[in-house]
Amino acid sequence: MSNESGCYRVYVVSLTPNGQPAGGKWHISTGVGYDPKWPAAGGRILFQSEAQSIAEASYTVKGDSFVSEPQRAWSTRRLSYFYVSAGKLDVTPGGKVIAIVDADSATPETRLRIILNFVDEVRHRLAVGAK
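Residues numbered from 1 in each chain as written. Predicted model: local features only at pLDDT ≥ 70, side-chain atom pairs only at ≥ 80, totals over all residues. Heavy atoms only, no water.

What about a nonpolar patch on the surface?
Okay, step 1: A surface patch of nonpolar side chains, about 470 Å² in accessible area, is lined by Ile 115, Phe 118, Val 119, Val 122 and Leu 126.
Okay, step 2: Turning to its location among the elements, Leu 126 is positioned in helix α1 (residues 118-130). (Patch = residues over 30% accessible without salt bridge, like charges linked within 9 Å, V, L, I, M, F, W, Y side chains within 5 Å. Areas by Shrake-Rupley, 256 points an atom, 1.4 Å probe, with all protein chains shown as cover. Salt bridge = Lys/Arg side-chain N within 4 Å of Asp/Glu carboxyl O. Helix = DSSP H or I, 4+ residues; strand = E, 2+ residues; numbered from the N terminus.)

Looking at the pattern of salt bridges
Okay, step 1: Inspection of the entire model under this criterion finds six salt bridges.
Okay, step 2: Here Arg 125 makes a salt bridge to Glu 121, at a shortest N to O gap of 2.6 Å. With Arg 125 and Glu 121 both in helix α1 and four residues apart, this pair spans about one turn of that helix.
Okay, step 3: Bridged by salt links that share partners, the residues Arg 44, Glu 56 and Arg 72 form one connected network.

Brief notes about the packing of aromatic side chains
Okay, step 1: Inspection of the entire model under this criterion finds four aromatic pairs.
Okay, step 2: With a centroid separation of 5.1 Å and 25 degrees between ring planes, the pair formed by Tyr 59 and Phe 66 is classed as stacked. For the residue pair Tyr 59 and Phe 66, the accessibility class agrees, reading buried in each case.
Okay, step 3: Connected via pairs of aromatic rings, a cluster forms that spans Trp 26, Trp 38, Tyr 59 and Phe 66. (Phe/Tyr/Trp six-rings, centres within 6.5 Å; stacked < 30°, edge-to-face > 60°. Buried < 20%, exposed > 50% of the residue type's maximum accessible area, 1.4 Å probe, protein only.)

Points about the environment of Trp 74
Okay, step 1: With respect to the element layout, Trp 74 can be found in the loop between β7 (72-73) and β8 (89-91).
Okay, step 2: Separated by 26 residues in sequence, Trp 74 and Gln 48 have C-alpha atoms that sit 9.9 Å apart.
Okay, step 3: Leaving out residues up to four positions away in the same chain, Trp 74 has contacts with Arg 44, Leu 46, Ile 54, Ala 55, Glu 56 and Val 97. (Contact = heavy atoms within 4.5 Å.)

Some points on unusual backbone geometry
Okay, step 1: Of note, Asp 35 is a non-glycine position whose phi angle comes to about 50 degrees, a positive value.
Okay, step 2: Here Asp 35 shows up in strand β3 (residues 33-37).
Okay, step 3: A positive phi angle is found at Gln 52, which is not glycine, with a value near 65 degrees.
Okay, step 4: Of the residues examined, Gln 52 reaches a relative accessible area of 16% and is grouped as buried.

Looking at the confidence of the model for the protein chain
Okay, step 1: Residues of the protein chain with pLDDT of at least 70 account for 87%, and the chain-wide mean is 84.
Okay, step 2: When pLDDT is averaged over each helix and strand of the protein chain, the minimum, 81, is found for α1 and the maximum, 94, for β7. (pLDDT = per-residue confidence, 0-100.)

Digging into the pairing of strand β1 (residues 11-15)
Along a regular strand, successive side chains alternate from one face of the sheet to the other.
Okay, step 1: Of the pairings in the sheet, the one linking β1 to strand β2 (residues 21-27) comprises four bridges and is antiparallel in character. Residue pairing in the sheet places Val 12 in a bridge with Trp 26 of β2.
Okay, step 2: Counting the residues between successive antiparallel strands, the hairpin from β1 to β2 contains five residues, one of them, Gly 19, with a positive phi of roughly 90 degrees. (Pairing = 2+ DSSP bridges.)

As for the nonpolar core
Okay, step 1: Ranked by size, the top nonpolar core spans nine residues in total: Val 10, Val 12, Ile 28, Ile 45, Phe 47, Ala 55, Ala 57, Tyr 59 and Phe 66.
Okay, step 2: Broken down by secondary-structure element, the contributors of at least two residues to this core are β4 (44-49) and β5 (54-62).
Okay, step 3: For this core, the element with the highest residue contribution is β5, accounting for three residues.
Okay, step 4: Other than its neighbours up to four places away in sequence, Ile 45 contacts Val 12, Ile 28, Pro 36, Lys 37, Trp 38, Ala 55, Glu 56, Ala 57, Tyr 59 and Phe 66. (Core = buried A, V, L, I, M, F, W, Y, C linked by side-chain atoms within 4.5 Å.)

Here it is, written out as C-alpha cells:
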C-alpha cells in the first residue's frame, strides 16, 4: 500500500531474496485501496476498497511476470468505521476472511443495562442458590 500517487492504492512490488526492490511494480487496486492481505494459498489479494468494503484481485505468477485481474467486490458489506489499530480485515492461515463490519440495519440497537444495588443482588442470588 502506498500513497505516492496522492491517495492510498494497493501495489505488488517484486523483491530480491534479501528484501530489496527488484524492479517489478504492479498497481492492483482500481481506485483507493487499503490494508492488503495475501491468503497463504495465493492466487488473490484482498484489501479494503474505496467503497469501504472488501475487494479482491486474482493474480497469476509466471517466472518474473505478475498478472493481476481487475479488482472485484469480494463482499458488499461495509467495513466498520470503528477504529481498530490492528486493522478491520485479516485472513487466517486456513484462508478464511475475518472482518469487522457495520451492523445490518441502518440504526443499530444499543442496549444499556443498569443494575442498582449490585452487591445486595449478588448476596440475594447466592442465598437463594444455597437453599
